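# Fold and contact review
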Amino acid sequence: MLTRRARRALWWVVIGVVALLALKTFVLDIYPVRSSSMEPTLHRGEWVLVWYGGGRPERGEVVVVRHGGDVLVKRACGIGGPGGERLTVDPAGDIWINGERARGAAGSGPRVGIFDLDHQRPGDFFEGLGEHAPGWRETQDGDLDVGTQAGGEYSSALRYQRILRDGYIGLNGQVNEGDVSVHDLMLDLRLGVLARRGMFVLVVTEQGDRLALHIKMVGPGPLEVRLVRVTREAEIELGRGVVPLQSNGDADLLVHLSNVDNRVEGRVGSLTLHHTYDRNSFQPGDEERVGLSLGSRLQLTATNAHLRVRDLRIARDVQFRPRGLLGPGGVQVAPGEIFLLGDHSADSLDSRDFGSLPEEAVIGRPLFAIWPLRAMRDLR
């Protein structure tokens, strides 16, 4: 015969089990990632927390769908909506909708890391890194320094010397090299201005264009910033501004430069400069006019400056490959249907194989990666 306290405890256990079952059935659940098709957004062997809820997804949204007896995690790239649409992929791996470049998550894409100073050795990726001042050198803390406190005239360039392909940093921190050329790049770092003098220039190159962010240190005054596009014919200023520094001398600024879907953006501290252009010019030596990007694709140059670079990261956007049902002419996505692609486009079973799915196939959205613990992160 159970005591009153035991019956009460049992009752709460029953309520807890029922609530847990209801939560698992109607609200959220945990799913394992069983393939590499969404790497590096999601890796094989991870577990994700999924919030149930169907309905039409936003373009570029990662969704959980039911296809036959399988549960799949993919990115919704084609959204038929009420009137349908034509989905195509260009040679650079970018999504186009009805003949226009897609904007938003499916156009600019989530960031895919290809270098991280916290995990990779810069000497394996950059040329121009030496051991002596005033040139670029690695500190004991793993940062990058250039210049000296004593000053003097010099210019030192640090060039990313690897061919940029559709690789990515895996769950274990190793770089998977990839095999398709990358067009769109993003560069981020934290800049320590150790002396208010000289110039720091960040450059990303795409085909025949050099997109440059110039940061000039001028004594006690603010930083002077220019965003520039350099073609074979001219140097075009895309924007300029100033950034104040702290009065105590040293500064630590977030710096960003990217060129994604023909939109170049530079950020220094609170200042943002950006410009959108129609198409790239051709690289000298690209005689066939196929849009090659030759030579070093990324460069950091310091002139007469004393700087420290921390948290240097290079990323690309997601690239998709045309094949199967998504051939060179594209695919028509019917009203009420969605066309799903995997972020690891070279190795993904998706709508290129089994076609579009009805919107009703969406059963939820992944919220968090919860396992392994070292890879816990927000997926929204």
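Our subject in this report is the structure included herewith. Here the structure is a predicted model, which is why all the values come from computation and not from measurement.

## Concerning the side chain of Arg75
On the secondary structure map, Arg75 appears in strand β4 (residues 70-79). Once residues within four sequence positions are removed from consideration, Arg75 is found in contact with Met38, Thr41, Gly60, Glu61, Val62, Pro110, Phe320, Phe339, Leu340, Leu341 and Asp343.

## A word on the nonpolar core
For soluble globular proteins, the rule of thumb is that nonpolar side chains tend to be buried together. In this structure, Phe200, Leu202 and Leu312 are the most contacted members of the largest nonpolar core, which totals 47 residues. Ignoring sequence-local partners within four residues, the contact set of Leu312 consists of Phe115, Asp116, Leu117, Phe126, Leu144, Leu187, Asp188, Leu189 and Leu300. Membership of the second largest hydrophobic core comes to 15 residues, among which are Leu87, Val89, Val318 and Phe320.

## Observations regarding the sheet that holds strand β6 (residues 95-97)
With respect to topology, four strands assemble into an open sheet ordered β7-β6-β5-β25, the strand pairing being antiparallel. Two strands bound the open sheet, and with one partner strand each, they are β7 (100-101) and β25 (331-333).

## Some words on the packing of aromatic side chains
In this structure the tally under the stated criterion is five aromatic pairs. With a centroid separation of 5.3 Å and an interplanar angle of 80°, the aromatic rings of Phe115 and Phe126 are classed as edge-to-face. Highlighted residues: Phe115 in strand β8 (residues 112-116) and Phe126 in strand β9 (residues 126-127), separated in sequence by eleven residues. Accessibility expressed as a relative area gives 5% for Phe126, which makes it buried. When the centroid spacing of 6.3 Å and the interplanar angle of 50° are considered together, the rings of Trp136 and Phe200 count as tilted. Here Trp136, found in the loop between β9 and β10 (137-138), pairs with Phe200, found in strand β16 (residues 199-206); they are 64 residues apart in sequence, far enough to count as distant. For Trp136, a relative accessible area of 1% corresponds to the buried category. Members of the aromatic cluster, each reached through a chain of ring pairs, are Phe115, Phe125, Phe126 and Tyr160. Geometry around Phe125 places Arg162 over its ring, the cationic atom sitting 4.0 Å from the centre. Above the ring of Tyr277, the side-chain terminus of Arg229 is found at 4.3 Å from the ring centroid.

Calculation notes
Residues numbered from 1 in each chain as written. Predicted model: local features only at pLDDT ≥ 70, side-chain atom pairs only at ≥ 80, totals over all residues. Heavy atoms only, no water. Helix = DSSP H or I, 4+ residues; strand = E, 2+ residues; numbered from the N terminus. Contact = heavy atoms within 4.5 Å. Core = buried A, V, L, I, M, F, W, Y, C linked by side-chain atoms within 4.5 Å. Buried < 20%, exposed > 50% of the residue type's maximum accessible area, 1.4 Å probe, protein only. Pairing = 2+ DSSP bridges. Phe/Tyr/Trp six-rings, centres within 6.5 Å; stacked < 30°, edge-to-face > 60°. Lys NZ or Arg CZ within 6 Å of the ring centre and 35° of its normal.

Spatial relationships are all this shows, so hold off on functional conclusions.
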